[in-house]
Amino acid sequence: MIKILLIEDHTHTRQLLRTLLEMEGYRVLTPSTPEPQSVMSVVQQEHPAIMILDAHLREFSGFDILAALRPLDPEQRPKIILTSGEDLGLEADQAGANAFLLKPFAPQQLLRLIENLNARDAL
């Protein structure tokens, strides 16, 4: 079962994404808090394949989390999908995200992106 680490501070959005992903057969992980240390702990213990990361968290920026992940060996780092309500595609790419989704996005967009990222790993 593929593990996805979901970092989204809006409760309703997090619950909707969790339900969608679990219905598709993914195991969804969430850190106890969306701070870089907590996220790093989950990444190192659970080894998720993919991380869905909101760029605008209450206490921290998704870019702070991307920076914390950068020193990890690429084999240990999950594929990262950064999400935001503003177009930060270029910034996401420069910060090391594997993909960017502009909110609001259709569920099928997210699922297709996850499948594409997983397919790249299989090659």
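Given the structure is predicted, the values throughout are model-derived calculations rather than measurements.

(A) Main features of unusual backbone geometry. Residue P104 follows K103 across a cis peptide bond; omega there is -5°. Examined against the element boundaries, P104 turns out to sit in the loop between β5 (99–102) and α5 (107–122). One non-glycine residue, H47, lies in positive phi territory at about 55°. Position of H47 among the secondary structure elements: in the loop between α2 (36–46) and β3 (50–54).

(B) Representation of the environment of T33 in the model. Positionally, T33 belongs in the loop between β2 (27–29) and α2. Note on T33: relative accessible area 34%, which makes it partly exposed. For the pair formed by T33 and L88, sequence separation is 55 residues and the distance between their alpha carbons is 23 Å. Excluding residues that lie within four positions of it along the chain, T33 makes contacts with S38 and V39.

(C) Here's a closer look at empty space enclosed by the protein. Counted according to the given criterion, the structure contains one cavity of 30 Å³ or more. Lining the largest cavity, in full, are L6, I7, E8, L17, I52, L53, D54, T83, K103 and F105. Listed by contribution, the elements that provide at least two residues to the lining of the largest cavity are β1 (3–7) and β3. The element that contributes the greatest number of residues to the lining of the largest cavity is β3, accounting for three residues. For the lining of the largest cavity, a count of residues per class yields six nonpolar, one polar and three charged.

(D) Summary view of the side chain of D54. With respect to the element layout, D54 can be found in strand β3. Using a relative accessible area of 2% as the deciding quantity, one classes D54 as buried. There is a polar contact of 3.4 Å between the side chain of D54 and the side chain of K103. Residues within four places of D54 in sequence aside, it is in contact with I7, E8, D9, H10, G62, L82, T83 and K103.

Definitions and limits used
In every chain, residue numbers begin from 1 and rise along the written sequence. Per-residue local features are limited, in this predicted model, to residues with pLDDT of at least 70; the limit for side-chain atom pairs, both in listing and counting, is 80 or more; totals at the level of whole chains, interfaces and linings are taken over all residues. Only hydrogens and water are set aside; all other atoms, that is, all heavy atoms of the structure, feed into the side-chain values. Going along the chain from the N terminus, every DSSP run of H or I of four or more residues is numbered as a helix, and every run of E of two or more is numbered as a strand. Throughout this description, buried means an accessible area under 20% of the type-specific maximum (1.4 Å probe, protein chains only), exposed means over 50%, and partly exposed covers the range between. Contacts were defined at the residue level, with two residues in contact if any of their heavy atoms lie within 4.5 Å. Computed over the protein atoms alone on a 1 Å grid, cavities are sets of points where a 1.4 Å probe fits but cannot get out and pockets are open sets with protein on both sides within 12 Å along at least five of seven lines; a residue lines them when it has an atom within 4 Å of a point. Grid points are joined across faces, edges and corners, and a volume is the space filled by probe spheres set on the points. Three classes are used, and their members are as follows: Ala, Val, Leu, Ile, Met, Phe, Trp, Tyr, Cys and Pro are nonpolar, Asp, Glu, Lys and Arg are charged, and the others, Gly among them, are polar. Pairing of N or O atoms within 3.5 Å defines a polar contact, subject to two protein rules: one partner must be a possible hydrogen donor and the other a possible acceptor, and residues neighboring in sequence count only if both atoms are side-chain atoms.

Nothing here speaks to function; it is all geometry.
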